[in-house]
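Take a look at the letters that make up each chain.
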Amino acid sequence: MNIPHPYLMFLGDVQDQLGAKTAQGIVDWRRDWCLGQIRLEGCKADLGIPDMTIAEAAGQGARTLVVGVVNAGGVLPEHWTSVIVQAIDAGMDVASGLHTRLESIPAIAEAAARHGRQLFNVRHSDERFATGKGTKRPGRRLLTVGTDCSVGKKYTALALEKEMRARGMDADFRATGQTGVFISGRGVAIDAVVADFISGAVEWIAPAADPAHWDLIEGQGSLYHPSFAGVSLGLLHGAQPDAFVVCHEPTRTTMRGVQHPLPSIQEVIDLTIRCGQLTNPAIRPVGIAINTKAYGEDEARACLEAAAKAHGLPASDPIRFGVGEIIDRLTEEFATE
């Protein structure tokens, strides 16, 4: 999927920073592609890049308006339509990671047809997937799993890819969500795949490879989340991971969007092994990634030290402290296999 950049990031009127996590992910990993942001009144997210009007962005060469938000159900609110149409009228293409297809909104479809602009629905794939087979395939795979949604599974997989490549290892990030697809230019948004074909789609994303190759597969949701566990389980079975890293946000008490309590790291390790053994009996944890953004330096290090001691695994904040110790553990675990 070749989406023209530079981008103007549209945040709508989301009510917190996590609501703009698609846009934030693109800015964090592809900053040079992002020209500015446009926010509606009441928006409580900020990407830390210049605020622009449609006219200002078009005048500075913006080529695509990216609807960089996430919300329950992936819907496109009606009051956002006028901004999207203005961007099309100003000569921009539009890309969205929402479930709502852009062309399903008549005003957007008509504007795109009138100006000959492209509409990119990153969450939807035209690929036809087979059902998963669960047959062992060559190559190595690591999956990031979580105690909840939005705890750093994508960032951890990207950080692992960066560190492994820096060490000369053969590794590729495999996107399974709309933000990852924006960042990498390839992949499939698994939560938009018909349930019967989720595991097959993951087998397609991470196919047979050289025995020394590592696919770093972006996790989604949580096996404990009542809304998204089905996606997480299908992804786990299709990924057939040899290794996994547990991702966690330590300040939460309930899971995002529901009242269910957050599971412990150990509960996630145990359930991931129990479910993952269906397609890979040798699945094992190799690290813990904790988002310590809410903590000061000393508190963050204490949190990581406690987690490492409790679980006998290297624990780090991938963005703050890197993933070197996790890669060390990974190479040690698989050195003789």
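Residues numbered from 1 in each chain as written. Predicted model: local features only at pLDDT ≥ 70, side-chain atom pairs only at ≥ 80, totals over all residues. Heavy atoms only, no water.

The name that an unreviewed UniProt entry assigns to the protein is DUF1611 domain-containing protein, with the source organism given as Azospirillum aestuarii.

A.B. asks: Account for the pattern of salt bridges, with residues named and values stated.
C.D. replies: One pass over the structure, following the stated rule, counts 19 salt bridges. With a closest N to O distance of 3.7 Å, arginine 174 and aspartate 172 form a salt bridge. The class for arginine 174 is buried, based on a relative accessible area of 16%. For the salt bridge of glutamate 333 with arginine 284, the shortest nitrogen-to-oxygen distance reads 3.0 Å. Within this pair, whereas glutamate 333 is found in helix α11 (residues 324-334), its partner arginine 284 is found in strand β10 (residues 284-290), the two being separated by 49 residues in sequence. Given the relative accessible area of 24%, glutamate 333 is considered partly exposed. Residue arginine 284 is classed as buried on the basis of its relative accessible area, which comes to 17%. (Salt bridge = Lys/Arg side-chain N within 4 Å of Asp/Glu carboxyl O. Buried < 20%, exposed > 50% of the residue type's maximum accessible area, 1.4 Å probe, protein only. Helix = DSSP H or I, 4+ residues; strand = E, 2+ residues; numbered from the N terminus.)

A.B. asks: Summarise the sheet that holds strand β7 (residues 171-174); cite the residues concerned and give the values.
C.D. replies: Hydrogen bonds along the backbone pair up the strands of a sheet, which may run parallel or antiparallel. On the basis of which strands lie adjacent, the open sheet formed by six strands has the order β7-β8-β6-β9-β10-β11 and parallel pairing. Among the strands making up the open sheet, the edge pair consists of β7 and β11 (315-316). One ladder, built from four bridges, connects strand β6 (residues 140-146) with strand β8 (residues 214-217); its direction is parallel. Looking across to β8, one finds that arginine 140 is bridged to tryptophan 214. (Pairing = 2+ DSSP bridges.)

A.B. asks: Pulling in residues and values, what's your account of the UniProt feature "domain: D-glutamate N-acetyltransferase-like C-terminal" (unreviewed entry) in the protein?
C.D. replies: UniProt's entry tags residues 129-326 with the feature "domain: D-glutamate N-acetyltransferase-like C-terminal" (unreviewed entry), counted in the numbering of this structure. As annotated, residues 129-326 comprises 35% helix and 15% strand, and the C-alpha atoms at either end are separated by 33 Å. (UniProt positions renumbered as here; feature names shortened; annotations may be inferred.)

A.B. asks: Can you lay out the pairing of β7 for me, pointing to particular residues and giving the numbers?
C.D. replies: In regular strands, side chains alternate between the two faces of the sheet. Covered by surrounding structure in β7 are Ala171 and Phe173 together with Asp172 and Arg174, the residues of both alternating faces. Where β7 and β8 come together, four bridges link them in parallel fashion. If you follow aspartate 172 over to β8, its bridge partner there is aspartate 215.

A.B. asks: Could you give an account of the packing of helix α7 (residues 198-205) against helix α8 (residues 229-239), with specific residues and numbers?
C.D. replies: For the pair α7 and α8, interaxial distance at closest approach is 7 Å and the crossing angle is 45°. In terms of axis orientation, α7 runs oblique to α8. In terms of crossing hand, the pair formed by α7 and α8 is right-handed. Residues Ile198, Ser199, Val202 and Glu203 of α7 form the contact with α8, whose participating residues are Val231, Gly234, Leu235, His237, Gly238 and Ala239. (Axes fitted to C-alpha atoms, helices over the stretch in contact; angles between N-to-C directions. Parallel < 35°, antiparallel > 145°, perpendicular 65-115°, else oblique. Left-handed = near helix turned anticlockwise from the far one by under 90°. Contact = heavy atoms within 4.5 Å.)

A.B. asks: Tell me about helix α9 (residues 265-276), and please be specific about residues and values.
C.D. replies: For α9, spanning 12 residues, the distance from its first C-alpha to its last is 16 Å, which sits close to the expected 16 Å at 1.5 Å a residue. Those residues of α9 that sit buried are Ile265, Val268, Ile269, Leu271, Thr272 and Gly276. Turning to α9, the residues buried within the fold contact β6, α8, β9 (243-248), β10 and α10 (297-311). (Expected span 1.5 Å × (residues − 1).)

A.B. asks: How would you explain the sheet that holds strand β4 (residues 93-96) if you had to name every residue and give the values?
C.D. replies: Here we have five strands laid out as an open sheet, ordered β2-β1-β3-β4-β5, and parallel in their pairing. In the strand order of this sheet, the two ends are held by β2 (34-39) and β5 (119-121), each with one partner. On average, each strand axis in the sheet is inclined to that of its neighbour by 20°, with strand direction left out of account. Of the strands in this sheet, β1 (7-12), β2 and β3 (64-67) are in contact with helix α1 (residues 21-29), which crosses β1 at around 150°.

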